[in-house]
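Structure assessment
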Amino acid sequence: MHRFECKIVSPNGTVSKETITAESKTSLKIRLENEGNFVLAIRHKTKFGSTILNRKGFKSFKQKDFIFFNQEFAVLVKAGLSIVAALDVILEKGEKNELTKTIKKIRADISTGESVSKAFSKFPYIFSNFYIACLKAGEKSGDIPLAVSRYVEYMKKTEKIRQKVVSASIYPLILTIVSFLVLFFLLIFVVPSLTETFVESGSKLPWLTSILISVSHMFKSGLIYFLLTIITAYAGFIYFKKTGYGHIITDRWKLLIPFLGKIYIHYSIARLSLTMATVLGSGMTLLNSIRISSDTLNNFFLKQQIIQVSKKIEKGAGFSESLSKNEWFPAIAVRMIAAGESSGSLEQVLVDIAEFYESNVDTRLSILTSAIEPALMIIMGLLIGFIVLAMYMPIFQLAGTVT
């Protein structure tokens, strides 16, 4: 996520400057326009503050530090301490990081009479819209510790899902990269040195050996051009993705990849459902819950689909009815949401959906991890077998001639 300074004209004609956190300039522009604003300028905000902090010995904080802060904050307030007193206790530990310095500023604002949610909302690059929404709900209900605890629980669950995806992806990725590196090493360094004698002898080589030598020569002579092509293609892809149209298209492509696309969709649904359940449980309306939850999606195409759903709800349509017209949302999830709407237990149903698709993602990743190793072993075995056979065929041919 990045911070952007925006100059916008609101629907009522007011011109304002805001600092907003978003994935990219394009996604932020479309989001602001969907909210009815006219965007005058968007500029990436530089992180001079972070640089100064690092020079002075401060360290950027980790997610576990953020979770620990919220847990401690909730426990202290629940124990009867005021917000300011709870923050004082946390600051007394004297930890030096960006989060601690931010808490000092928040503590100063709250002590002057500013609301908790407003004081925290001044730092959108640390505290997301979702976090601020939880604080606002806690202020309305008079139970800030419960709102913060809900957010901590949400963070733990989403981190658990993310860790599953990352850990299951690392091994196949490493195995694939190593396999290709081994293959390139054989073709560029090993094969030329072993087949040089055969070529110099001037004898007619078996067709298999001739193919291997041609492929090896092509890779060795065109290695620089091959690398330049990859770098150019990657740079072009990044540039294309930064455009509004390119961002939508590339994120849509991710969903169309066989097998992996389903994993990506189910992971996004699990995260979206869990976020919505947490926001609804904090007292937010369904429409606001959908809008806040859509910001947690990493896929811009899916985010746009959810925004379209929220617009249909705003016009009077039901949640399940709006989702049923969306081809990317699974039918089983729509039916579960429809049942939750009719029974008045939508929050619990969303939790069940999150757990169901989390389990589904886990199962599919296990299948992928189990299948990719033998598949790569077979492919590499065939390729290396081809290389070995092609290199030894001239020797067999020579031995037959001598006999």
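Residues numbered from 1 in each chain as written. Predicted model: local features only at pLDDT ≥ 70, side-chain atom pairs only at ≥ 80, totals over all residues. Heavy atoms only, no water.

This part is about the pattern of salt bridges. Any two side chains of opposite charge can pair, on the condition that their charged atoms come close. All chains considered together, the criterion is met by seven salt bridges. The shortest N-O distance in the salt bridge between Lys122 and Glu114 comes to 3.1 Å. Exposure remark for Lys122: the relative accessible area of 43% places this residue in the partly exposed category. Note that Glu321 is salt-bridged to Lys325, the shortest N-O span being 3.9 Å. On the accessibility criterion, Glu321 (41% relative accessible area) is partly exposed. Salt bridges linked by common partners bring Asp109, Glu114 and Lys122 together as one network. (Salt bridge = Lys/Arg side-chain N within 4 Å of Asp/Glu carboxyl O. Buried < 20%, exposed > 50% of the residue type's maximum accessible area, 1.4 Å probe, protein only.)

Counted by the stated rule, this structure contains 16 aromatic pairs. Aromatic pair Phe120 and Phe127: ring centres 4.9 Å apart, planes at 80°, arrangement edge-to-face. A relative accessible area of 1% means that Phe120 is categorised as buried. Here Phe127 falls in the buried class, since its relative accessible area comes to 1%. Centre to centre, the rings of Phe180 and Phe184 are 6.5 Å apart; their planes meet at 40°, and the pair counts as tilted. In this pair, Phe180 and Phe184 both sit in helix H8 (residues 144-201), four residues apart, roughly one turn of the helix. Assessed through its relative accessible area of 24%, Phe184 is described here as partly exposed. (Phe/Tyr/Trp six-rings, centres within 6.5 Å; stacked < 30°, edge-to-face > 60°. Helix = DSSP H or I, 4+ residues; strand = E, 2+ residues; numbered from the N terminus.)

Another point: the nonpolar core. Grouped together as the largest cluster of nonpolar side chains are 40 residues, with contacts concentrated most on Phe69, Phe73, Ile110, Phe120, Phe127 and Tyr131. Looking at this core, the elements that each hand over two or more residues are helix H3 (63-78), helix H4 (83-91), helix H5 (98-111), helix H6 (116-121), helix H7 (129-141), H8 and helix H12 (260-281). When residues of this core are assigned to their parent elements, the largest contribution, seven residues, is made by H3. Residues within four places of Phe127 in sequence aside, it is in contact with Phe66, Leu99, Thr102, Ile106, Phe120 and Ile132. Formed by 36 residues, the second largest nonpolar core is a distinct cluster that contains Ala168, Ile263, Ile269 and Leu297. (Core = buried A, V, L, I, M, F, W, Y, C linked by side-chain atoms within 4.5 Å. Contact = heavy atoms within 4.5 Å.)

In this model, the protein chain carries an average pLDDT of 80, and 91% of its residues clear a pLDDT of 70 or more. For the protein chain, per-element mean pLDDT is lowest for helix H2 (residues 48-55), which scores 38, and highest for helix H16 (residues 331-343), which scores 91. For residues 47-59, every residue scores under 50 in pLDDT, and the model assigns this stretch twelve contacts once sequence neighbours within four places are set aside. (pLDDT = per-residue confidence, 0-100.)

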